[in-house]
Amino acid sequence: HLRQFVQEEIQRRAREYIWKLENGNVIDPTDDDGRLPDQVQAFFLFGENVPTLLCRINEPGAGGDINIITEEQDDVLTFIAERDIAEGEELFLDYGPYYDRTGYNGPSGSLGTLTFEDD
């Protein structure tokens with residue numbers, strides 16, 4: 001039971017940072033324990049370390065506005081400022097249709113639950 005509990009906790013942590021692309025692929029910057037490190041090694045950049053700062057952008061609460069949009073092309077996710085952003089202003093984006101919002105009220109029109117095949 002302990003092993004199952006540990007595995008469920010790792011999946012819970014990882015779900016906070018996973019991005020499911022429209023093509024069904026998943027970007028998962030978490031380590032083996034489901035935690036988000038400060039940097040990850042990017043295989044497509046010949047092993048260069050890439051900061052995970054963009055993974056820490058929040059989604060606004062109900063009725064809030066976003067200032068970051070995303071564009072997907074194949075397996076590439078690009079973050080774009082929707083407008084000029086003031087210094088010190090918090091960044092907000094819509095986490096997409098597959099993000100699990102059962103614990104809070106995210107933006108309408110993008111409600112969904114990210115599921116894993118082994119769940």
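Below is a summary of the structure that appears in this document.

Calculation rules
- Residues numbered from 1 in each chain as written.
- Predicted model: local features only at pLDDT ≥ 70, side-chain atom pairs only at ≥ 80, totals over all residues.
- Heavy atoms only, no water.
- Helix = DSSP H or I, 4+ residues; strand = E, 2+ residues; numbered from the N terminus.
- Buried < 20%, exposed > 50% of the residue type's maximum accessible area, 1.4 Å probe, protein only.
- Contact = heavy atoms within 4.5 Å.
- Areas by Shrake-Rupley, 256 points an atom, 1.4 Å probe, with all protein chains shown as cover.
- Salt bridge = Lys/Arg side-chain N within 4 Å of Asp/Glu carboxyl O.
- Pairing = 2+ DSSP bridges.
- Polar contact = N/O pair within 3.5 Å; in protein donor to acceptor, adjacent residues only side chain to side chain.

Focus on the overall build of the protein chain
Along the backbone of the protein chain there are one helix and six strands. Put simply, the protein chain runs from its N terminus to its C terminus through helices and strands in the order α-β-β-β-β-β-β. The buried share among the 119 residues of the protein chain stands at 24%. When contacts within the protein chain are restricted to residue pairs at least 6 apart in sequence, those whose partners lie at least 24 apart make up 39%. A total of about 8,800 Å² of accessible surface is found on the protein chain, and carbon and sulfur atoms cover 50% of it.

Some details on the pattern of salt bridges
Inspection of every chain in the model, using the stated rule, returns two salt bridges. Note that aspartate 38 is salt-bridged to arginine 56, the shortest N-O span being 3.6 Å. One end of the pair, aspartate 38, is in the loop between strand S2 (26-27) and strand S3 (39-42); the other, arginine 56, is in the loop between strand S4 (48-51) and strand S5 (68-73), and 18 residues separate them in sequence. Aspartate 38 gets classed as exposed once you look at its relative accessible area, which sits at 62%. For arginine 56, a relative accessible area of 38% translates into the label partly exposed. Linking arginine 83 and glutamate 89 is a salt bridge whose minimum nitrogen-to-oxygen distance equals 2.6 Å. A residue is classified by how much of its surface remains accessible, and arginine 83, at 38% relative accessible area, is partly exposed. The exposure class assigned to glutamate 89 is partly exposed, which follows from its relative accessible area of 29%.

So, the pairing of strand S6 (residues 76-81)
Bridge count between S5 and S6: six bridges; the pairing is antiparallel. Looking at S6, one finds that threonine 70 is bridged to phenylalanine 79. Where S5 folds back onto S6 in an antiparallel hairpin, the turn is made up of two residues, including aspartate 74, whose phi is positive at roughly 55°.

Things to note about the side chain of glutamate 59
Secondary-structure assignment places glutamate 59 in the loop between S4 and S5. In this structure glutamate 59 comes out as buried when scored by relative accessible area, which is 8%.

Quick word on the side chain of asparagine 67
You can see asparagine 67 is positioned in the loop between S4 and S5. Accessibility expressed as a relative area gives 1% for asparagine 67, which makes it buried. Among the polar contacts made by the side chain of asparagine 67, one reaches the main-chain carbonyl oxygen of glutamate 90 at a distance of 3.0 Å. Separated by 2.8 Å, the side chain of asparagine 67 and the backbone nitrogen of phenylalanine 92 make a polar contact. For asparagine 67, the contacting residues outside a window of four places in its chain are Ile80, Ala81, Glu82, Arg83, Ile85, Glu89, Glu90, Leu91 and Phe92.

A look at the environment of isoleucine 69
Topologically, isoleucine 69 is positioned in strand S5. The spatial distance from the C-alpha of isoleucine 69 to the C-alpha of arginine 83 is 9.7 Å, given a sequence separation of 14 residues. Filtering out sequence-adjacent residues up to four positions away, isoleucine 69 remains in contact with Thr78, Phe79, Ile80 and Glu82.

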